[in-house]
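Now for the letters of each chain:
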Amino acid sequence: MKIATWNVNSIKARLEAVTEWLKEAEPDIACLQELKCTDDTFPREAFEDLGYNCAVHGQKTYNGVAILSKLPLEDVTPRLPGGDGDDHARYLEAVVSGKKGTLRVASIYAPNGNPIGTDKYTYKLGWLERLAAHARDVLALEEPAALMGDYNVIPTPDDVYDPKAWLNDALFQPESRAGLRRIEYLGYTDAFRACHAETHQYTFWDYQAGAWQKDHGIRIDHILLSPQAADHLTHSAIDKQVRGRERPSDHVPVWCELDL
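Predicted model only: the values in this text are computed from it and were never measured.

A. Structural detail: the overall build of the protein chain. A tally of helices and strands in the protein chain yields seven helices and 14 strands. Across its three principal directions, the C-alpha atoms of the protein chain cover 45 × 40 × 40 Å. In the protein chain, which comprises 260 residues, the proportion classed as buried is 54%. Sequence-distant contacts, at least 24 apart, represent 68% of the contacts inside the protein chain between residues at least 6 apart. Summing over all exposed atoms, the protein chain offers an accessible surface of approximately 11,200 Å²; the carbon and sulfur share of this is 47%. Treating the 28 positive side-chain charges of the protein chain as one cloud and the 40 negative ones as another, the clouds have centres 4 Å apart.

Shown next as structure tokens:
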């Protein structure tokens, strides 16, 4: 089973690029983030024509997450528990059944949090705490699970082209990085890092200042696997080449293969 995550930065603007990649990569499950559209305006038909079932939790202009699956989607649940009054469309969870059992998947779009010292940063840290609490509850189910998406966290200095350039950014703050580690310390495995020891592998390049051309990137899109899923991990990769195509997202897909 091949599963993937991609922050598409507007599904309407990137529809051709996304469908092109789906045809090439052929993931069984793809989690998308930053749709920037409501449920009823999501281009569902384009993905159904490729054989995907669609679950969408959208929001006008901002945020928005989706799960595309060639397998039937069950127990589809939008929104991260907790956070009373939080109407941001940032989390969507579902269960799929493979040849060797089920897999619980989540499409995650964590808050950016900039600038530091504002309510946005406080919201980011609180959201990551809620995610960790829910990740603990998912572990209690003792089943294969993959929490995938744009975490908006640079895990280590090895995941950024120049750590000094990001010292004042919310994505690289000690508290933000601790929020991600809190989930990993529960027992989740970073699929890409489990398969790749090499440093300076990125999933995001800004549109500004020639970041792509200079390879000034960061790794902020992650697939975190429960122990039951990690036991079936066979490979993981970043489809970096997608960033060099016409009208690209500033993120690229990350995927892994599970023997499920």
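B. Inspection of helix 4 (residues 174-185) at higher detail. Taking 1.5 Å per residue as the helical rise, helix 4 with its 12 residues ought to reach 16 Å, and the 16 Å between its terminal C-alpha atoms agrees with that figure. All buried positions along helix 4 are accounted for by Ser176, Arg177, Gly179, Leu180 and Ile183. The buried residues of helix 4 occupy an angular sector of 150° when the element is viewed end-on, so they sit on one face. Facing away from the buried side of helix 4 by more than 90 degrees, the exposed set consists of Pro174 and Tyr185. Tucked inside the fold, the buried residues of helix 4 contact helix 3 (119-140) and strand 12 (221-225). Positive backbone phi, approximately 130°, marks Gly187, located one or two places after helix 4.

C. Geometry of the packing of helix 3 against helix 4. Viewed as axis vectors pointing N to C, helix 3 and helix 4 meet at an angle of 10°, and their least axial separation amounts to 9 Å. Taken as axis vectors, helix 3 and helix 4 run roughly parallel relative to one another. Contacts between helix 3 and helix 4 pair Tyr121, Lys124, Leu125, Leu128, Glu129, Leu131, Ala132 and Ala135 from the former with Glu175, Ser176, Gly179, Arg182 and Ile183 from the latter.

D. Structural detail: the packing of aromatic side chains. What the rule picks out here adds up to four aromatic pairs. Consider the rings of Trp205 and Trp212, whose centres lie 5.0 Å apart with planes at 85°: the pair is edge-to-face. One aromatic cluster is present, formed by Tyr202, Trp205 and Trp212 through successive ring pairs. One Lys or Arg, Lys2, reaches over the ring of Trp255 and ends 4.2 Å from the middle of that ring. Against the face of Tyr109 rests Arg90, its NZ or CZ located 4.9 Å from the ring centre.

E. Just the sheet that holds strand 1 (residues 2-7), in detail. Reading across the sheet, the six strands line up as 3-4-2-1-14-13 and stay open at both edges, with mixed pairing between neighbours. Each having just a single partner strand, strand 3 (53-57) and strand 13 (233-238) make up the two edges of the open sheet. The sheet shows a mean angle of 15° between the axes of neighbouring strands, direction not considered. The pairing of strand 3 with strand 4 (residues 65-69) spans five bridges and is classified as antiparallel.

F. Summary view of the pairing of strand 1. Taken across its six residues, strand 1 has six buried, putting it largely inside the fold. Inspection of the sheet shows strand 1 paired to strand 2 (residues 29-33) by five bridges, in the parallel sense. If you follow Trp6 over to strand 2, its bridge partner there is Leu32. Running through helix 1 (residues 15-25), the crossover from strand 1 to the neighbouring parallel element strand 2 is right-handed.

Criteria and thresholds
Residues numbered from 1 in each chain as written. Predicted model: local features only at pLDDT ≥ 70, side-chain atom pairs only at ≥ 80, totals over all residues. Heavy atoms only, no water. Helix = DSSP H or I, 4+ residues; strand = E, 2+ residues; numbered from the N terminus. Buried < 20%, exposed > 50% of the residue type's maximum accessible area, 1.4 Å probe, protein only. Contact = heavy atoms within 4.5 Å. Areas by Shrake-Rupley, 256 points an atom, 1.4 Å probe, with all protein chains shown as cover. Lys, Arg positive; Asp, Glu negative; His and termini not counted. Charge placed at Lys NZ, Arg CZ, Asp CG, Glu CD. Expected span 1.5 Å × (residues − 1). Arc of directions from axis to C-beta. Axes fitted to C-alpha atoms, helices over the stretch in contact; angles between N-to-C directions. Parallel < 35°, antiparallel > 145°, perpendicular 65-115°, else oblique. Phe/Tyr/Trp six-rings, centres within 6.5 Å; stacked < 30°, edge-to-face > 60°. Lys NZ or Arg CZ within 6 Å of the ring centre and 35° of its normal. Pairing = 2+ DSSP bridges. Right-handed = clockwise from strand over helix to strand, strands pointing away.

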